[in-house]
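As a plain string of letters, each chain reads:
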Amino acid sequence: MNIVFMGTPDFAVPCLRALIDNGENVQAVFTQPDKPKGRGYKLLPPPVKELALTHNIPVYQPLSLKKGEDAENAYKTLKELSPDLIVVVAYGKILPKEVLDIPKHFCINVHASLLPKYRGAAPIQRAILNGEKETGVTTMLMAEGLDTGDMLMKTSTEIGENETASELHDRLSEIGAKLLIDTVEAVKSNNITAEKQDDNLSNYAAMITKDMCPIDFGADAEVVHHKICGLSASPCASAVYDGKRLKVYKSAMSDKKKYDVAPGTIVNEKDFTVACGNGRTVTFLEIQAEGGKRMKTSDYLRGKPVEKGAVLS
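Not measured: the values here are computed from a predicted model.

A. Summary view of the packing of aromatic side chains. According to the stated counting rule, one finds three aromatic pairs in the structure shown. An angle of 70° between the planes, with centres 6.1 Å apart, marks the rings of Tyr241 and Phe272 as edge-to-face. Here Tyr241, found in strand 12 (residues 237–241), pairs with Phe272, found in the loop between strand 14 (266–268) and strand 15 (273–275); they are 31 residues apart in sequence, far enough to count as distant. On the accessibility criterion, Phe272 (0% relative accessible area) is buried. The interplanar angle of 45° and the centroid separation of 4.9 Å between the aromatic rings of Phe272 and Phe284 together place this pair among those described as tilted.

B. Just the pattern of salt bridges, in detail. The tally for this structure, following the rule as stated, stands at 13 salt bridges. Its salt-bridge partner being Glu163, residue Arg171 comes within 2.7 Å of it at the nearest N-O pair. Between Lys178 and Asp182 there is a salt bridge whose closest N-O contact spans 3.4 Å. Here Lys178 and its partner Asp182 are both found in helix 6 (residues 165–188), four residues apart, which amounts to about one turn of the helix.

C. Spatial organisation of the side chain of Gln27. By the element assignment, Gln27 lies in strand 2 (residues 25–30). Excluding residues that lie within four positions of it along the chain, Gln27 makes contacts with Asn2, Ile3, Val4, Ile57, Pro58, Leu81 and Pro83.

D. Looking closely at unusual backbone geometry. Going from Leu115 to Pro116, the amide bond is cis rather than trans, its omega being 10°. Inspection of the secondary structure assignment puts Pro116 in the loop between strand 7 (106–111) and strand 8 (119–120). In this model, Ser234 is joined to Pro235 through a cis peptide bond whose omega is 5°. Note on placement: Pro235 falls in the loop between helix 7 (221–230) and strand 12. At Ala90, a position not held by glycine, the phi torsion is positive, near 50°. Counting through the fold element by element, Ala90 comes out in the loop between strand 6 (85–89) and helix 4 (97–100). Owing to a relative accessible area of 34%, Ala90 belongs among the partly exposed residues under this scheme.

E. Highlighting the sheet that holds strand 9 (residues 134–141). Ordered in space as 5-2-1-6-7-9-10, the seven strands form an open sheet in which the pairing is mixed. This sheet does not close on itself; its edge strands, each paired only once, are strand 5 (59–60) and strand 10 (151–158). Pairing geometry for strand 2 and strand 5, over two bridges, is parallel. When the bridges of strand 5 are listed, Phe30 appears paired with Tyr60. Packing of helix 6 onto the sheet brings it into contact with strand 6, strand 7, strand 9 and strand 10, and relative to strand 10 it is tilted by some 150°.

F. Representation of the environment of Pro123. Looking at the element boundaries, Pro123 is found in helix 5 (residues 123–129). The class for Pro123 is buried, based on a relative accessible area of 7%. Taking the C-alpha atoms as reference points, Pro123 and Ala206, separated by 83 residues in sequence, lie 8.0 Å from one another. If we skip the residues at most four places from it in the chain, Pro123 touches His111, Ala112, Ser113, Tyr118 and Ala205.

Thresholds applied
- Residues numbered from 1 in each chain as written.
- Predicted model: local features only at pLDDT ≥ 70, side-chain atom pairs only at ≥ 80, totals over all residues.
- Heavy atoms only, no water.
- Phe/Tyr/Trp six-rings, centres within 6.5 Å; stacked < 30°, edge-to-face > 60°.
- Helix = DSSP H or I, 4+ residues; strand = E, 2+ residues; numbered from the N terminus.
- Buried < 20%, exposed > 50% of the residue type's maximum accessible area, 1.4 Å probe, protein only.
- Salt bridge = Lys/Arg side-chain N within 4 Å of Asp/Glu carboxyl O.
- Contact = heavy atoms within 4.5 Å.
- Pairing = 2+ DSSP bridges.
- Axes fitted to C-alpha atoms, helices over the stretch in contact; angles between N-to-C directions.

Listed below in C-alpha cells is the structure:
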C-alpha cells in the first residue's frame, strides 16, 4: 500500500519502522524541521527523519501545512504522490482539510489514549497524573477537530503502580506500532468499521509545563506519587532540600503507617521517605541533586546522607 508518513519524535519511530517491515511502500516522510539542541545548539534531525534516511525514503520538512510557500509545495507534493493512506503519529502540526482529503482511503492517526478520553497533546502524562489504572492506543480517522475523528481500533494496557510516563511512552509506542499494522491490514481487506466518539466522555490532555514541577507535599501521598511518575523524565518533579533543587524521577508509595508531622518531612533517612499531607509517605527511588547526575537514591545516600526530620519544600 502506498503510504505517506507524518511524524516527528521517538514515539513515532516504531510505527514508521513497522510500516517498512510490513512491506508497505512508504513514499515519503513529513516531519518537523531540524532543531538546535545541546550546548553547541547544533541542528539535529528528528528521530523519524533519521530512520527514513536510513531506508532512502524522501523526507520533507515544511514549516507549515496551512499557509505560505511551504504549505503550497507540500500540498503539491502530496497530490503528486497520491497516497492510499496518510499515517500521522505525533507529527506536531495541524493538517488542513485539503490535506486530509488527499489520500485515496483515509488519513489515519495513532493516538496514545483510549479515546475519547485524553484528547490533546499530553495523554500519557495526564493519565498517570490523574491516577488512571488503564490506558492504551487508538487509531482513528483524522478530522479537523483535535483528536475528534471516528475511531478505528483500540488496544488497552494497565498502568504499572510505579510506572513513569517515559516508561509508559516507550511501551505505548510499540503497542501503537502493532495496532497501526492491524489497522492497515483491515483497510487492505476492507474489513474495518469506524465508530464515532462520544464527546460527553471526552476530556482534554493539556500540554505539560515546567511550572508543574514543584511538588506540593501538602497533597495526599497518592497525588505526590502520581506527579513524580507523570512528570518523569521531563520536565521532572522537583523539591527543595537544604536550599537546593532536587529532581525526583521515580518513587513508590511507602507503608500504610501515618505520620503526624509536617508535610515534606523526611521520616526515614535511610531510604529517603517523605511524609505527605495525608500523613502517608512516598519513597524516592531515583533522584538528581542540583549540579549532579541522575542516580538511584540508594547510591546517592551512600555519598550524601539526608537528615531525618528535615523538611522539603
